[in-house]
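These are the residues of each chain, in order.
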Amino acid sequence: MEQACINPIETLAACLISAGATAELASFVQILIGVLLISAFPLVLVILLIWVERKVAARVQDRLGPNRVGPYGLLQNVADAVKLILKEDITPAGADRVIYNAAPIVAMLSVLLIWAVVPFSPAHIGADLSIGLLYFVAISSIGTLAIMMAGWASNNKYALLGAFRVVAQLVSYEVPMVVALLVPVLLAGTLSMQALVRAQIGMWFIVPCLVSAIIFYISNLAETGRAPFDLIEAESELVAGYNIEYSGMKFGLFMANEFMHAFTANLLFAVLFLGGWSGPGAEQYPLLGFVYLMLKTGVVYIFSLILRATVPRVRIDHMMAFNWKFLVPVSIINLLIAALLIQITRLFGIAPAPGETDFVAHLPQALILLLGNLALIGGIIQALRSSGRRDRLAEQARSRADETAIIPAGSGD
Amino acid sequence: MLELNATTLAFFVFAILSVGGALGVVTSRNLIHGAVYLIISLFGGAGFFILLSAPFLAAVQVLVYIGAIAILIIFAVMLTRSMTNMAEVVNRQWWLSALVGALLLLMLAVGVIFPVWGDGGLLPNQPVSDQVATTDELGAAFVGGEDYVLPFEVASLLLTGAMIGAIVLARDTEA
Amino acid sequence: MSLVNEWAFIGVFVAVAWVLPALPLVVARIFQPRKPNAIKMQTYECGVETVGDTWVQFKVQYYIYGLIFLVFDIELIFLFPWAMAYNRLDFFAFGAGFLFIFLLADALIYAWRKNALEWA
């Protein structure tokens, strides 16, 4: 337990004890400072994230983006926040006041709490729970609740309908996400986030769990309500969705929360599939690990931003069908293939020993699993092509009468 | 010293959450408020699991009860027309449910104060077990030997049955 | 010991983290103007006045998705311990897990065939 001066927070506790404080007080102060750091960090970060998002979206659309307030428009979001604070927020007539006001706080809490188990570096993690991954899944499900509360308490049909849709979307996409997460757990044999990262020192999980990584990424886009699954923001159908009656800073919290959630999802992708803080020298210099983690997160985050700026929104029935008829079956098959291949590699003795950090030792098993994943992807593409062809032929037979044959949407290739 | 105090404090916080939430469930006029109180109560329950060194069960409590069942309850309330503002709080069978509740409380109290099961009952002030099983061991127990494989598979069968039943019922009402 | 500390962290986190989003709301409360009037407080529906009760009856399909999700959720809870222990188990564990997941897939196929997965 007694790590030396690796962790600044822990050295503080040691200092406090040597200064005469009791061990309990020292550990409490240590926890409190850790909590304040970890919970305030994403809130500060989100101001920067919104700027990045607006800049990237602007570049994709051949615009400049915010460039007036501060250097490169960096202070634009600070100005926006000040404006939101000075705005009158309206509580609509007939709203359920307590639930209405609690909803944005619960929404933000559900994202902030995830940060408590994110391993930032070998020595920095809020709480390395033995069930860390399950904790993440459980906390994410609270976000659903916040949206339900907001939609119901607003006393608005659009809000309620929007909330219903969002909740249906969130609970549906939670299934493939969790099934996909089981594959890394199979490999690492643990739910502790820190141990999951350590298991990837030899080989990032994206190689042996390629399909899982893709499914996790897609369902995370849906979980965070990002394009192309941004039905939370369906302006054309629901005016705005569950947060239609929110104004001023309460709306601002929902908005900031959405950006923060998107970043958190990408952060978890980096932790679970891209090796988290692992990288050359990360064990010796924990801060380097933090830099690695942020770089990896940045890459996937920028990718999701470009995706958001380029892909159109899907229709809700397509989205639900895509989840239940595609993602869920694929994730289940993927889980079975991975489980089988892991046992086979162990039978032939080419599975790496637990805690193995050597790249070469991981190579055989990872390659076999990767081959399995690629075979699965090939099979999926074949199945989609044949079903697409079937649909097309059926459609042609039906519309032979008139010449304006419509190509069926989602024909698969 | 503080270790003990912190745990005791946490215990009382969770106790207030779960009992207060439960009281809110039975007394609130508004069904949605009732559901929110239920969620608060369930959170208290999750806290107890953590205090009992069963974090897996705490996560299950949050994931299944709060993340799924509470949402389902809210859906069910919404699907039932104008159930959100009930004028009556007490119905005619209130005494029956009060009786059942009192009996259950009595049974629990007797069970806690005079333990009648186990090897002569559990002694007070003795931890239930000093060996804390991990989630890992739970999994090994499920499928490692042949002891619990059957219950494990039957659980899956049960859930499949539940799903089929749910679909049949729900589709029938719509048709 | 360590376990207690880890969870103490989560406990303090819950106690502190909700204050952070509440803070801007309080600040906004202090600085914002407050001039409510009846028209401003009206339910927003693109200029049209709301007809009837907001809490109207909704499609049963939402409820079905909820039910299917619940079943999957509980199944996944069983699979987490299985996956954790998998590394030190043999082919028997694979068989048990396969049967378990197969039954789960069965339920999905049933739901598919019964059109319970359709949005319409």
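> How should the overall build of chain C be read in this particular structure?
Scanning chain C from N- to C-terminus turns up 4 helices and 0 strands. The linear arrangement of helices and strands in chain C, starting from the amino end, is α-α-α-α. By the burial criterion, 48% of the 120 residues in chain C qualify as buried. Approximately 5,800 Å² of chain C is accessible, and the part contributed by carbon and sulfur atoms is 68%.

> What exactly am I supposed to notice about the side chain of Ser 18 of chain B here?
Residue and element names in this part refer to chain B. Along the chain, the position of Ser 18 falls in helix 1 (residues 2-27). On the basis of relative accessibility, which here comes to 13%, the residue Ser 18 falls in the buried class. Setting aside its immediate chain neighbours within four residues, Ser 18 contacts Ser 41, Gly 44, Gly 45 and Phe 48.

> Please explain unusual backbone geometry as it appears in this structure.
Phi is positive for Asp 62 of chain A, which is not a glycine, with a value near 60°. Secondary-structure assignment places Asp 62 of chain A in the loop between helix 2 (23-60) and helix 3 (76-86). In this model, Ser 53 of chain B sits at a positive phi of 60°, which is unusual for a non-glycine residue. With respect to the helices and strands, the residue Ser 53 of chain B is situated in the loop between helix 2 (31-51) and helix 3 (55-79).

> Sorry if this is basic, but what is going on with the pattern of salt bridges here?
A side chain with one charge can pair with a side chain of the opposite charge if their charged atoms come near. All names here are of chain A. Under the counting rule described, the total for this entry stands at 4 salt bridges over all chains. Asp 80 is the partner of Arg 54 in a salt bridge, and the nearest nitrogen-oxygen pair spans 2.9 Å. Here Arg 54, found in helix 2, pairs with Asp 80, found in helix 3; they are 26 residues apart in sequence, far enough to count as distant. Here Arg 315 ties to Asp 317 by a salt bridge, and the two come within 2.8 Å at their closest N and O atoms.

> Looking at this structure, how should I read the packing of aromatic side chains?
Pairs of aromatic rings are described using the distance from one ring centre to the other and the angle between the two planes. All chains considered together, the criterion is met by 30 aromatic pairs over all chains. Look at Trp 324 of chain A and Tyr 65 of chain C: their rings are 6.1 Å apart centre to centre, the planes differ by 10°, and that puts the pair in the stacked class. Of this pair, Trp 324 of chain A sits in helix 12 (residues 316-347) while Tyr 65 of chain C sits in helix 3 (residues 60-85), each in a different chain. In this structure, Trp 324 of chain A and Tyr 65 of chain C share a single accessibility class: buried. Judged by centre distance (6.2 Å) and plane angle (75°), the ring pair of Phe 14 of chain B and Phe 48 of chain B falls under edge-to-face. With Phe 14 of chain B in helix 1 and Phe 48 of chain B in helix 2, this pair connects stretches of sequence that are 34 residues apart.

> Just checking my understanding: could you explain the interface of chain B and chain A for this structure?
How big an interface is tends to be stated in terms of accessible area lost as the parts join. Of the residues lining the interface, 22 residues belong to chain B; the matching set on chain A comes to 18 residues. Taking both sides of the interface into account, the surface hidden between chain B and chain A amounts to around 1,800 Å²; carbon and sulfur atoms contribute 85%. For chain B, the biggest contributors to the area lost against chain A are Leu 63, Phe 75 and Met 78 of chain B; these three give 28% of the whole. Summed over the shared surface of chain B and chain A, the result is 0 salt bridges. At the level of secondary structure, the elements contributing two or more residues to the side of chain B that touches chain A comprise helix 1, helix 2 and helix 3 of chain B. The biggest single contributor to the side of chain B that touches chain A is helix 3 of chain B, with 11 residues.

> Please clarify how the confidence of the model for chain C should be interpreted in this entry.
Note that predicted coordinates carrying low pLDDT should not be read in detail. Residues and elements named next belong to chain C. With 84% of its residues at a pLDDT of at least 70, chain C reaches an overall mean of 79. Averaged over each element, pLDDT in chain C is lowest for helix 1 (residues 2-17) (77) and highest for helix 4 (residues 91-113) (86). Two summary scores accompany this predicted model of the complex, namely pTM at 0.87 and ipTM at 0.86.

> How should the packing of helix 5 (residues 132-153) of chain A against helix 3 of chain B be read in this particular structure?
Two numbers describe a pair of packed helices, the interaxial angle and the distance between the axes. Where helix 5 of chain A meets helix 3 of chain B, the closest approach of the two axes is 9 Å, and the angle between their N-to-C directions is 25°. Classified by the angle between their axes, helix 5 of chain A and helix 3 of chain B sit roughly parallel to one another. Crossing hand, helix 5 of chain A versus helix 3 of chain B: left-handed. Contacts between helix 5 of chain A and helix 3 of chain B pair Leu 134, Val 137, Ala 138, Ser 141, Ile 142, Thr 144, Leu 145, Met 148 and Trp 152 of chain A from the former with Phe 56, Ala 59, Val 62, Leu 63, Ile 66, Gly 67, Ile 71, Ile 74, Phe 75 and Met 78 of chain B from the latter. By residue class, the composition of the contact of helix 5 of chain A with helix 3 of chain B is 16 nonpolar, 3 polar and no charged.

> Would you mind going over helix 3 of chain C with me for this structure?
Three or four residues apart is the spacing at which side chains of an α-helix point the same way, because the helix has 3.6 residues per turn. Its 26 residues give helix 3 of chain C an end-to-end C-alpha distance of 39 Å, which sits within 8% of 38 Å, the value for a rise of 1.5 Å per residue. Of all 26 residues in helix 3 of chain C, 23 are buried; the element is thus mostly enclosed.

> Would you explain the interface of chain A and chain C in this entry?
Taken together, the 82 residues of chain A in the interface contact 68 residues of chain C. Counting the surface lost from both chain A and chain C, the interface buries some 7,100 Å², and carbon and sulfur atoms represent 77% of this. Our count for the chain A to chain C interface comes out at 0 salt bridges. For the side of chain A that touches chain C, a count of residues per class yields 59 nonpolar, 11 polar and 12 charged.

The rules we used
- Residues numbered from 1 in each chain as written.
- Chains lettered and ligands numbered in written order.
- Predicted model: local features only at pLDDT ≥ 70, side-chain atom pairs only at ≥ 80, totals over all residues.
- Heavy atoms only, no water.
- Helix = DSSP H or I, 4+ residues; strand = E, 2+ residues; numbered from the N terminus.
- Buried < 20%, exposed > 50% of the residue type's maximum accessible area, 1.4 Å probe, protein only.
- Areas by Shrake-Rupley, 256 points an atom, 1.4 Å probe, with all protein chains shown as cover.
- Contact = heavy atoms within 4.5 Å.
- Salt bridge = Lys/Arg side-chain N within 4 Å of Asp/Glu carboxyl O.
- Phe/Tyr/Trp six-rings, centres within 6.5 Å; stacked < 30°, edge-to-face > 60°.
- Buried area = accessible area lost by both parts, 1.4 Å probe.
- pLDDT = per-residue confidence, 0-100.
- Axes fitted to C-alpha atoms, helices over the stretch in contact; angles between N-to-C directions.
- Parallel < 35°, antiparallel > 145°, perpendicular 65-115°, else oblique.
- Left-handed = near helix turned anticlockwise from the far one by under 90°.
- Nonpolar A, V, L, I, M, F, W, Y, C, P; charged D, E, K, R; others polar.
- Expected span 1.5 Å × (residues − 1).

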